[in-house]
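Listed below are the residues making up each chain.
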Amino acid sequence: MGNSKSGALSKEILEELRLNTRFTEEELSTWYQSFLKECPSGRITRQEFQTIYSKFFPEADPKAYAQHVFRSFDANSDGTLDFKEYVIALHMTSACKTNQKLEWAFSLYDVDGNGSISKNEVLEIVTAIFKMISPDDVKHLPEDENTPEKRAEKIWGFFGKKDDDKLTEKEFIEGTLANMEILRLIQFEPQKVKEKFKEKKP
């Protein structure tokens, strides 16, 4: 959305991002220049996003998870992320308030975008997360959460839902805020993803 041809970020978007995130004008301008070096077109495609993720996890398979993260931040569903969507993604996965993070987490787990989460959708995201966990780390997980199926079952059980029930955004956020175990289970590996991105980005 920025003026990528001139290499400068428009004042309108700069002001909007500064007001809606914790980032300063100087940080945003620096990040934009870095963004343009990596993506001269001013947009990141799904494939480019997956490639970036793969570099962070050379011994794992992060493609499935990367696809879901990309989907959750592709606000206009055009198959690319512009700088504004990219910064919002960084903000949502780092320093924003817990409620905002959970709103993003809900969109991540709501795979088909119908406004509710099913047990199968939880399993799909958890399975993608497990593909990024090293075998050694899996060995150290508790017995009742050391497979995608067990972890999904544990998460779903905390919400007190039957197998064919649906979970609304309100139920998801309120249930997670009331039970830190759920929060731990749904963000186990994304926390590591966040740290790796922070290491690599300006």
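Residues numbered from 1 in each chain as written. Predicted model: local features only at pLDDT ≥ 70, side-chain atom pairs only at ≥ 80, totals over all residues. Heavy atoms only, no water.

Asks: Could you clarify how one ought to interpret the UniProt feature "domain: EF-hand" (unreviewed entry) in the chain in this entry?
Replies: When the UniProt feature table is mapped to this numbering, "domain: EF-hand" (unreviewed entry) covers residues 61–96 and 97–132. Within residues 97–132, the helical portion is 67% and the strand portion 8%, while the C-alpha atoms at the span's ends are 26 Å from each other. (UniProt positions renumbered as here; feature names shortened; annotations may be inferred. Helix = DSSP H or I, 4+ residues; strand = E, 2+ residues; numbered from the N terminus.)

Asks: Explain the pattern of salt bridges to me, please; I cannot follow it from the model alone.
Replies: Charged atoms that come close allow side chains of opposite charge to pair. As enumerated under the stated definition, the model contains 14 salt bridges in all. Two residues, Glu16 and Lys84, come together in a salt bridge whose shortest N-O distance is 2.7 Å. Residue Glu16 is found in helix H1 (residues 11–20), and its partner Lys84 is found in helix H5 (residues 83–92); the two are separated by 68 residues along the sequence. For Lys84, a relative accessible area of 22% gives the class partly exposed. Among the salt bridges present, the one from Lys170 reaches Glu174, with a minimum N-O distance of 3.0 Å. Of the two residues, Lys170 and Glu174 are both situated in helix H10 (residues 169–178); the distance of four residues between them amounts to about one turn of the helix. Each of Asp144, Glu145, Arg151, Lys154, Glu181 and Arg184 takes part in one network of salt bridges that share partners. (Salt bridge = Lys/Arg side-chain N within 4 Å of Asp/Glu carboxyl O. Buried < 20%, exposed > 50% of the residue type's maximum accessible area, 1.4 Å probe, protein only.)

Asks: Before we go on, may I ask you to explain the side chain of His68 in this structure?
Replies: Residue position: His68 is located in helix H4 (residues 63–73). His68 sits in the buried class, given a relative accessible area of 9%. A polar atom in the side chain of His68 sits 3.4 Å from the side chain of Glu124. Excluding residues within four positions of it along the chain, His68 makes contact with Leu108, Val111, Glu124, Ile125 and Ala128. (Polar contact = N/O pair within 3.5 Å; in protein donor to acceptor, adjacent residues only side chain to side chain. Contact = heavy atoms within 4.5 Å.)

Asks: Would you mind showing me how to read the packing of aromatic side chains here?
Replies: Note on aromatic pairs: each is described by the distance of the centres and the angle between the planes. Tallied over the entire structure, the rule returns nine aromatic pairs. A ring pair is formed by Phe159 and Phe172, whose centres lie 6.0 Å apart and whose planes are at 25°; its orientation type is stacked. A residue pair is termed long-range when its members are at least 10 positions apart, and Phe159 in the loop between helix H9 (148–158) and strand E4 (166–168) and Phe172 in helix H10 qualify at 13 residues. Take Phe159: its relative accessible area is 14%, and that puts it in the buried class. Aromatic ring contacts, followed pair by pair, group Tyr32, Phe35, Phe83 and Tyr86 into a single cluster. (Phe/Tyr/Trp six-rings, centres within 6.5 Å; stacked < 30°, edge-to-face > 60°.)

Asks: I tried to follow unusual backbone geometry on my own but got confused; where do I start?
Replies: For residues besides glycine, phi is generally negative; the peptide bonds are generally trans as well. In this structure, Ser77 is a non-glycine residue whose phi angle is positive, near 55°. In this fold, Ser77 is placed in the loop between H4 and strand E2 (80–82). Residue class for Ser77 comes out exposed when judged on its relative accessible area of 63%.

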